[in-house]
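Examining the three-dimensional arrangement
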Amino acid sequence: MSETSTGAPDDVNAPLDDPRWIVQWADGPVPDQRRLRPLIGHSGPVRAVATATVAGRPVAVSGSRDNTVRVWDLATGEQLHEPVTGRTDPVSSMTAEVLSVATAVADGRPVAFSLHGDDAVLVWDLATGRAAGEFVRFVESAALDGRRVLLTLGADGTLYVGDLLTGRRVAAFPSAAGLAMLDGRRVVLTVDDIDVDRTVRVWDLGTGDQLARSLAVVRTAALDGRELAVTAGEPDQEEQRLWDLATGEQVETPSAAAALSGGEDRPGVTALTVVRGRVVAVGLDGEEPRFIGPLAVARQNGALVRTRARETAVLDGRTVALTAEPDGALRIWDLTDDRPRVNGMRVIAAVGASGTAPAFPPGPEQDADLWRRLSGRGTGPSGSGDPVLLTVEQDDTVVVRDRATGKPVGPPLTGHTGKVWDVATAVVDGRPVAVTASADHTLRTWDLTHAHAAAHAAAHADAAAHADAGGDGPARTGHTGTVSAITTAVLDGSPVVVTAAADRTLHLWDLTTGQPVTAPVTGLEGEVTAMVASVVDGRPVVVTAGSGDTLHLLDPVGGEHLGEPVTSHHGRVLALAGATLDGRPVVVTAGADRTAAIWDLATRRLVGEPLTGHTSRVTAVATAELAGRPVAVTGSWDKTVRLWDLTTGRQIGEPLTGHTDWVTSVATTLVDGRPVAVSRSRDKTVRLWDLATLRETGEPLTGHTDPNGPLVVTVGGTRPVVAIGQGQAVRFWDLATGREAGTEYALPLPAAALGAAPGGRLVVAFGPEVTVLRPAAG
């Protein structure tokens, strides 16, 4: 048993046969290989999700109760643009909640639509993340003084008049309550709720002139089968007047008040609006104006009728919406999806250019797919071209079903800790994926190509667990605390995995089968933070270090401690690596005292003097061979990587610089037959160093949002890759090309430790669970 650097095959430039990693075995539940990265950033339940393609890259658009709409790059998991929100009420300072989102391609550009709690529908340009307009509510189209106009109603109740030829707004009437034809002219009723008496006014739509205002009502009553009202005199008149509400005509009487003295009160009428000698009764005792009287008759006589605004209308048999652009222009959007163009639509850019107005007939709108997705608030059907159908079940799992048969394909998609609100599909790197939105504040992504493989793996794991437990369910054999360190060894000629955890135990697993090799080693003194395996005098040994200053040598088979602990004088041992020096097994330690040291495991004594040169604590160490001589590579808080000759104890060359923050991990391997070191830093980069020339090779690998996750070098497929823990995922980079090596492997918990194993396999620990992955082509 000895610790060596990961070697590379002869043909390191050969492409990866299959960039995926699959589970060889797992202690506990088999991780769902369909699981991809979680999308984390919302601070409230995520209610809706839709997908689109921006500049050739798949994206997800999510809406949350944190009142934001966010755009995510599905290939990287990163957010694109800053989060956007709906309107904020100036009085309450409350921002409108996001209810649903939908996406489409409009004239070749990807856009998103978001429906908010204040009934606003906003349009966003997904390429820029900026607002591209806002739905306005249709009232009707009309001819007005020889112009073709659209009448629309804003969210604040303002009636707008838009010129169809220019797409510009030409008039606005705040607090609109109704429309009518009067002597051949279009008029609008408004209710001024600023005045104490909530004055009702009538305006000419074409000229903007005020035609009438309301009269205050003294009393309304029923008398002799008629509905009558008495109004107060106008400012320049003192007499009261009596009106018949059925006909709208004034009733001539010497005393209006006396005429109603015997009538039965009819409350609810607040004002009468006089237009050309006729009145319309208006009730203002509720949130909105009410028209009182026989409105069917009133329409025939040109009286005012309540507007009916709607978000969509029908134009030439297609459902359309109208938006106000940021520059004030109006734009008509065709919302009906064309099946050959998934989520595609066109913008009718030449609004009324022919001089004829679009026809917006009253009545129910067509069931346009885009509007149905938006107003449905998160029903989440997958696209009709998908081979599978996704359904959200009552237990908040998502079931993948065969679209033709409706039968489940593989086990449910599980992992959310809250209600699943919505689901969408996309294609990422040629693979179909699902995106699920949940009340647990996250979105999760799933690789749907593995549906059948997941079904087989789950069935195999369930059968094995059932057999092991005698038919009563799985019996846990592994750790009960978070795994903190991993190494590999050879026992009786077979490779094994050694794991240490916060439960103060060591476990040995057969690398091929995952079965326990020996009874757990118990009674460890504190948490193990670093561990390496070796062979001393033909006997397997595991060397551990924890939060203190000592090294412990353990017999992994018998479980006993081998001699007394070795005091390192580092203050704290922060990292370990094994090597062979002059034919003898040694361990190299890195410490908080700014030094590294070499220890002979047979004699338990320091070899030579400590390796000095770092100016801050040494946090990482790895070993390799360079020109036939054993060397060590160290990384430090001083932002440098250094190379040491273990035979002489001297530093080789100058420090390797380039990192701008603490170096947290180092590893060694061969690339194109040359020994290299890989270093990771809190500056969120990974750098590759040629140990023969002491120069950095290639560009730094970036995109590592978690600088403290584990790092290890292994062989994926046929070439060396670096595996990096990134929260609840492991990502892989091809060291020869500097490119990501296939898809990441997502986990239900953050990756706690990683270990390279023979055969290009990777040991992954998350929480108390241990899983061995192998390349799909392996």
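Just so it is clear, the model here is predicted, and its values are computed rather than measured. (Residues numbered from 1 in each chain as written. Predicted model: local features only at pLDDT ≥ 70, side-chain atom pairs only at ≥ 80, totals over all residues. Heavy atoms only, no water.)

So, on to the overall build of the protein. Within the protein, the secondary structure is distributed over 4 helices and 61 strands. A total of 778 residues make up the protein; the buried ones form 52% of that total. Split by element, the accessible area of the protein, about 33,300 Å² in all, is 49% carbon and sulfur. (Helix = DSSP H or I, 4+ residues; strand = E, 2+ residues; numbered from the N terminus. Buried < 20%, exposed > 50% of the residue type's maximum accessible area, 1.4 Å probe, protein only. Areas by Shrake-Rupley, 256 points an atom, 1.4 Å probe, with all protein chains shown as cover.)

Its place among the elements puts T619 in strand β47 (residues 618-626). Only 2.5 Å separates the side chain of T619 from the backbone oxygen of V663, close enough to count as a polar contact. Each residue touching T619, except ones within four places of it in the same chain, is listed here: L574, A575, G635, S636, W637, V663 and T664. (Polar contact = N/O pair within 3.5 Å; in protein donor to acceptor, adjacent residues only side chain to side chain. Contact = heavy atoms within 4.5 Å.)

On to the packing of aromatic side chains. One pass over the full model with this rule turns up 4 aromatic pairs. For the ring pair W25 and W509, a centre distance of 5.8 Å and an interplane angle of 35° mean the geometry is tilted. Note that W25 is positioned in strand β1 (residues 21-27) and W509 in strand β38 (residues 506-510), a separation of 484 residues in sequence. W25 gets classed as buried once you look at its relative accessible area, which sits at 6%. An angle of 10° between the planes, with centres 3.7 Å apart, marks the rings of W637 and W662 as stacked. (Phe/Tyr/Trp six-rings, centres within 6.5 Å; stacked < 30°, edge-to-face > 60°.)

Here the focus is the environment of A75. In this structure, A75 sits in the loop between β5 (68-73) and β6 (79-85). Sequence separation between A75 and V59 is 16 residues; the distance between their C-alpha atoms is 8.0 Å. Beyond its immediate stretch of four places on either side in the chain, A75 contacts R37, R57, P58 and V428.

For the rest of this paragraph, the subject is the pattern of salt bridges. Applying the stated criterion across every chain yields a total of 20 salt bridges. The partner of R401 in a salt bridge is E393, with the nearest N and O atoms 3.4 Å apart. A salt bridge links D638 to R642; its shortest N-O distance comes to 3.7 Å. (Salt bridge = Lys/Arg side-chain N within 4 Å of Asp/Glu carboxyl O.)

As a further point, take the side chain of R34. Along the chain, the position of R34 falls in the loop between β1 and β2 (35-40). At 2.9 Å, the side chain of R34 and the backbone oxygen of P411 are in polar contact.

Here the focus is the sheet that holds β5. Here 4 strands make up an open sheet; going across it, the order is β3-β4-β5-β6 and the pairing antiparallel. Edge positions in the sheet fall to β3 (46-54) and β6, since each has one partner strand and no second. With strand direction ignored, the average angle separating the axes of adjacent strands in the sheet is 20°. Strand direction decides the pairing type here: β3 and strand β4 (residues 57-64), joined by 8 bridges, are antiparallel. Paired with V49 across the strands is S62, a residue of β4. (Pairing = 2+ DSSP bridges. Axes fitted to C-alpha atoms, helices over the stretch in contact; angles between N-to-C directions.)

Most of strand β49 (residues 641-645) is tucked away, with 5 of its 5 residues classed as buried. Burial along β49 is two-sided: V641, L643 and D645 facing one way and R642 and W644 facing the other are all buried. The pairing of strand β48 (residues 629-636) with β49 spans 5 bridges and is antiparallel. Counterpart to V633 in the pairing with β49 is L643. Remark: 4 residues form the turn of the hairpin made by β48 and β49, two consecutive strands paired antiparallel; K639 in that turn has positive phi of roughly 75°. Across 4 bridges, the pairing between β49 and strand β50 (residues 650-656) is antiparallel. Of the residues in β50, the one forming a bridge with V641 is L656. If you look at the hairpin formed by β49 and β50, you'll find 4 residues sitting between the two strands, and G649 has a positive phi there, around 75°.

This part takes up unusual backbone geometry. Of note in this structure, N67 is not a glycine but carries a positive phi near 70°. As for its position among the elements, N67 is in the loop between β4 and β5. The backbone of D537 sits at a positive phi, close to 55°, despite the residue not being glycine. Position of D537 relative to the elements: it lies in the loop between β39 (530-536) and β40 (539-545). Of the residues examined, D537 reaches a relative accessible area of 73% and is grouped as exposed.

The next subject is the sheet that holds strand β37 (residues 494-501). Spatially, 3 strands are ordered β36-β37-β38 in an open sheet, and the strand pairing comes out antiparallel. The sheet terminates laterally at β36 (483-491) and β38, the two strands that pair on one side only. Direction aside, the axes of adjacent strands within the sheet are offset by 25° on average. Direction of pairing for β36 relative to β37: antiparallel, over a ladder of 8 bridges.

Turning to its location among the elements, D156 is positioned in the loop between β11 (147-153) and β12 (159-163). On the accessibility criterion, D156 (57% relative accessible area) is exposed. D156 sits 18 residues away from P174 along the chain, and the two C-alpha atoms are 7.8 Å apart.

What follows concerns the confidence of the model for the protein. Per-residue confidence for the protein gives a mean pLDDT of 79; residues scoring 70 or more make up 79%. The secondary structure element of the protein with the lowest average pLDDT is helix α2 (residues 295-300), at 30, and the one with the highest is β49, at 98. Every residue in residues 1-18 is under pLDDT 50, and counting partners more than four places away or in other chains gives 58 contacts. Across residues 379-385, where pLDDT falls below 50, the model places 12 contacts with residues more than four positions away in sequence or in other chains. (pLDDT = per-residue confidence, 0-100.)

Time to look at the environment of V400. Relative to the elements of secondary structure, V400 occurs in strand β32 (residues 398-402). Take V400: its relative accessible area is 1%, and that puts it in the buried class. Sequence spacing of V400 and P411 is 11 residues, and the spatial spacing of their C-alpha atoms is 7.9 Å.

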